[in-house]
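Survey of secondary and tertiary structure
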Amino acid sequence: MSGITVLDVTKRFNGFTALDDVSVTIPEGSLTALLGPSGSGKSTLLRVIAGLESPDGGKVLIGNEDVTEQPARARGVGMVFQHYAAFKHMTVYDNVAFGLAIRRRPRAEIRDRVHELLELVQLEGLAKRYPAQLSGGQRQRMALARALAVEPGVLLLDEPFGALDARVRKELRAWLRRLHDEVHVTTIIVTHDQEEAMEVAGQIVVLNEGRIEQVGSPRELYDSPANEFVMSFVGPVNRVGETFVRPHDVELSLEPEAGSEEAMVERVVHLGFEVRVELLRADGERLLAQLTQDDVEQLELEPGQIVHVRSSRTKTFA
């Protein structure tokens, strides 16, 4: 395992600044998410760390070694992309064994390592199948096993679940978290999905327009955002003028209370245990409230109903 340090990295493409003086530390053994909208620079930062792009300025250190000028193959990095290019003519076993085979490892060592990894990624019964015979989730687990086979010091994942449906993505997120807890390889995952980042990562790096807006744990980013962008991007939020309020901090009542105002219920959306209530204020502004099933049943909420709204906690930024 190796920690990663990025120091003052800048990267430009034909006059466009993809990374603007970016510095960040990825702790050894951590699972860190690079989170941001399209064009924020997260994939470019990952590719600079991997050695697939050369920075125009700054340094990349893996462990204590400056690898800025080293090619990707010399960095001890494993990569998994959204559309993984498996060898279609090779079995699952041979795909996972490929990196070990080209390094001329002993056959017995390859066999033991591949079986260990296939068991780890829950593909032990599918070793003789070909990629076309696997589901999308199984192919991505095979891709992770192949990346881990050569025991990389760093594992880099670029939108690895982006092409999969929502149910499979959710399953693989939980699986990746468990896998990381077992292997403890320093891991970076690129994603634009806030829920994915908050579910799998211990540290999140929020990027926007080539700059880092904030680095912290999921709870720190959600409860103590550094600025308006982080508040708006990490988790749902209502904005009323210059004030921000999370949906779960919006309280509803049938009778007026101190500090409350009227709003009309437009829609009630049941999401399992939680219920999302879409509201329209008298000034035309829309609000979201997040309640429990019990709260909604007690209030007997229906579209068109007038309720009284107040915020238990708000946040403003200078």
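Here the residue numbers are simple positions, counted from 1 along each chain's written sequence. Local features in this predicted model are restricted to residues of pLDDT 70 or higher, and side-chain atom pairs are both shown and tallied only at a pLDDT of 80 or more, whereas totals for entire chains, interfaces and linings draw on every residue. Side-chain descriptors were evaluated using all non-hydrogen atoms of the structure, hydrogens and water having been removed beforehand.

Focus: the overall build of the protein
Strands are runs of DSSP state E lasting at least two residues, helices are runs of H or I lasting at least four, and both sets are numbered from the N terminus onward. Assigned secondary structure in the protein consists of nine helices and 18 strands. C-alpha extents for the protein along the principal axes are approximately 75 × 45 × 30 Å. Placing the 36 positive and 48 negative side-chain charges of the protein at their respective mean positions leaves the two points 10 Å apart. Charged residues are defined here as Lys and Arg on the positive side and Asp and Glu on the negative side; His and the ends of the chain fall outside this count. Here the site of a charge means NZ on Lys, CZ on Arg, CG on Asp, or CD on Glu.

Focus: the layout of surface pockets
There is about 570 Å³ of room inside the largest pocket. If you go around the largest pocket, you meet 20 residues; those closest to its centre are Val77, Gly78, Met79, Arg103 and Val150. If you list the elements that add at least two residues to the lining of the largest pocket, you get strand 6 (77-81), helix 2 (92-102) and helix 4 (136-149). For the lining of the largest pocket, the element with the highest residue contribution is strand 6, accounting for four residues. Residues are grouped as follows: Ala, Val, Leu, Ile, Met, Phe, Trp, Tyr, Cys and Pro are nonpolar; Asp, Glu, Lys and Arg are charged; every other residue, Gly included, is polar. Of the residues belonging to the lining of the largest pocket, the class tally is 13 nonpolar, three polar and four charged. Residues are said to line a cavity or pocket when one of their atoms sits within 4 Å of a point; the points come from a 1 Å grid over protein atoms alone, cavities being sets where a 1.4 Å probe fits but cannot get out and pockets being open sets with protein on both sides within 12 Å along at least five of seven lines. Grid points are joined across faces, edges and corners, and a volume is the space filled by probe spheres set on the points.

Digging into the packing of aromatic side chains
A pair of Phe, Tyr and Trp rings is counted when the ring centres sit within 6.5 Å of each other, with Trp represented by its six-membered ring. The angle between the planes then sorts it: under 30 degrees is stacked, over 60 is edge-to-face, the rest tilted. If you walk through the whole model with that rule in mind, you get three aromatic pairs. Between Phe87 and Phe98 the ring centres are 4.7 Å apart and the planes differ by 50°, which places this aromatic pair in the tilted class. Taken together, the residues span a long stretch of sequence, with Phe87 in the loop between strand 6 and helix 2 and Phe98 in helix 2 at a distance of 11 residues. For the exposure calls, accessible area comes from a 1.4 Å probe over protein chains only, and a residue counts as buried if that area is under 20% of its type's maximum, exposed if over 50%, partly exposed in between. On the accessibility criterion, Phe98 (26% relative accessible area) is partly exposed. Here the aromatic rings of Phe244 and Phe317 are separated by 5.6 Å at their centres, their planes lie at 75°, and the arrangement is edge-to-face. Pair noted here: Phe244 is in strand 12 (residues 243-245) and Phe317 is in the segment after strand 18 (315-316), with a separation of 73 residues, a long-range link. Distance and angle both matter: a charge sits over a ring if NZ of Lys or CZ of Arg is within 6 Å of the ring centre and within 35 degrees of the ring normal. It is Arg246 that lies over the ring of Tyr222; its NZ or CZ is 4.1 Å from the centre.

Here we look at empty space enclosed by the protein
All chains considered together, the criterion is met by one cavity of 30 Å³ or more. By volume, the largest cavity is sized at about 50 Å³. Taken together, Leu31, Leu148, Leu155, Leu176, Leu179, His180, Val183 and Thr187 make up the full set of residues lining the largest cavity. Ranked by the residues each element gives to the lining of the largest cavity, the list is headed by helix 5 (residues 166-183), at four residues. Residue classes in the lining of the largest cavity are distributed as six nonpolar, two polar and no charged.

Let's talk about the sheet that holds strand 6
On the basis of which strands lie adjacent, the open sheet formed by six strands has the order 6-7-8-3-9-10 and mixed pairing. Each edge of the open sheet carries a strand with a single partner, namely strand 6 and strand 10 (211-216). Geometrically, the sheet is characterised by an average inter-axis angle of 15° between neighbouring strands, direction not taken into account. Of the strand pairs in this sheet, strand 3 (residues 31-35) and strand 9 (residues 203-208) are connected by four bridges, and their pairing is parallel. Along strand 9, the bridge assignment pairs Thr32 with Gln203. Contacts are residue-level and defined by heavy atoms, with any inter-residue pair within 4.5 Å sufficient. For helices, the axis comes from a line fit to the C-alpha atoms of the stretch in contact; other axes are also lines fit to C-alpha atoms, and the angle between any two N-to-C directions lies between 0 and 180 degrees. Packed onto the sheet, helix 4 meets strand 6 and strand 7 (154-158) and runs at close to 165° relative to strand 6. Should DSSP find at least two bridges between two strands, the strands are regarded as paired.

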